[in-house]
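# Per-entry structural report
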Amino acid sequence: MAGKKVIIMGAAGRDFHNFNMFFRNNDDYDVIAFTATQIPNIEGRRYPAELAGSFYPEGIPILPEKDLPDLIDKHNVDEVLFSYSDVSNQTVMHYSGVVNSLGATFSLLGPKFTMLKSKVPVVAVGAVRTGCGKSQTTRRVAEILKERGKKVVAIRHPMPYGDLKAQKVQRFASLDDLQKHNCTIEEMEEYEPHIMRGSVVYAGVDYGAILEQAEKEADVILWDGGNNDLPFYKPDVHITLVDPLRPGHETAYYPAEANVRMADCIVINKEISAEIADIENVRKHVRELNPTAHIVDAASPIRVDQPELINGKQVLVIEDGPTLTHGGMKFGAGVMAARKYGAAEIVDPRPYLQGTLKETFEKYPDIGALLPAMGYGTAQMKDLENTVNRTNCDAVIIGTPIDLRRITKINKPTIRVFYDLQEIGYPTLEDVLDKI
């Protein structure tokens, strides 16, 4: 191919979508490679020829991000497209410096070129960081729409960590479908809560093909965003969550600010856990960036199934993986439960780490005395199970959105944490959906 030589920087999600929307069958460009980061074990594969189009009969290699400078030099690359999310603005511009120093153009592809238009209404839920509360917000939106007699189909931001060809279009309507598609813990955390409430979920790699299939059974499509990425579909209602436990991140992380500026509705979540000054600081930033958006005040109060197993006990806390890793949170629902129900001590799992979890803590040393529910594949799920079972504690608090006991064998008493979005005052999400 004689087009511009391009490398797409990604993390097995937005990068593939950008390729499908803009570069596939576009002879003005020659995509040399994808690079991969954030997610373990996604490099070393190829984007398959069956998805890449006629210009790439051998597919496209997916290589480690650390090789980027050598790849630019080796292939005389013209342009590097940054295509993943939930990184600081400073990090994005660091990569711009690396790329520009080697003579190539550094670019970001805008929503005009990447958003698909649906035949049915789309409600999109996004955020300014991983761990703001998108999952419980999408559940609340689905509940409201179903009460109005609408058939809601959720489409989840991609997490194709396995066979990309087989994962082109995935439909999940039962727990058996999770096993059928060999889902990771990270995938189950997003799909299972929808399934348990009677919603069908789609995900995969080719979001044009996914949309075409989902439209056949949906009155409304609910876009369930990942990280803090922008929607893949043009929203009729765009809801963005902000986090007063991380004030200032709404303007400091890519592409958080774009999500705030584009939103019809901003949800300020976690208000019962945050300082009033931080809540008002976030509210001020939102109003400066988007003066016309509806603002919904909210919280995500927790409850547990067996509080008596926490009181006075030494507990191991398992939290949502991405929230602790690239999300950078110091605690989640599990820690909140340990504090609320009187745990004597949160046990540090680091002396007991097994296998790949050691690498996770080396990469993200600020996780501290918590255990992220890492499960990118069966081997890592086994490492998680072995770590939990080796840890010297009285009980295990499961702060993830799924029941880990269904997929791991834990040899200690366990407590599940539950949380749902709860609006505070007015307007509510119901009011906002009525108005828009």
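Please refer to the structure placed before this passage.
Read on for an overview of the structure. Here the structure is a predicted model, which means the values were calculated and not measured.

What counts and what doesn't
Residues numbered from 1 in each chain as written. Predicted model: local features only at pLDDT ≥ 70, side-chain atom pairs only at ≥ 80, totals over all residues. Heavy atoms only, no water. Salt bridge = Lys/Arg side-chain N within 4 Å of Asp/Glu carboxyl O. Buried < 20%, exposed > 50% of the residue type's maximum accessible area, 1.4 Å probe, protein only. Helix = DSSP H or I, 4+ residues; strand = E, 2+ residues; numbered from the N terminus. Contact = heavy atoms within 4.5 Å.

Moving on, we come to the pattern of salt bridges. In the structure shown here, the tally under the stated rule is 28 salt bridges. For the salt bridge of Lys66 with Asp67, the shortest nitrogen-to-oxygen distance reads 3.3 Å. Its relative accessible area of 24% is what places Asp67 among the partly exposed residues. A salt bridge links Glu385 to Lys382; the nearest nitrogen and oxygen atoms lie 2.7 Å apart. Placement of both Glu385 and Lys382 in helix α14 (residues 378-390) is noted, with a separation of three residues, approximately one turn of the helix. One network of salt bridges, in which partners are shared, links Arg139, Arg197, Arg303 and Asp420.

Here we come to the environment of Asp70. As for its position among the elements, Asp70 is in helix α3 (residues 68-75). Relative accessible area serves as the criterion here: at 56%, Asp70 is assigned to the exposed category.

Among the residues of helix α12 (residues 333-340), those classed as buried are Ala333, Gly334, Val335, Ala337 and Ala338. In this fold, the buried residues of α12 make contact with β17 (302-304), β18 (314-319), β19 (345-346), β21 (395-398) and β22 (414-419). Once α12 finishes, Gly342 follows within two positions and takes phi at roughly 80°, a positive value.

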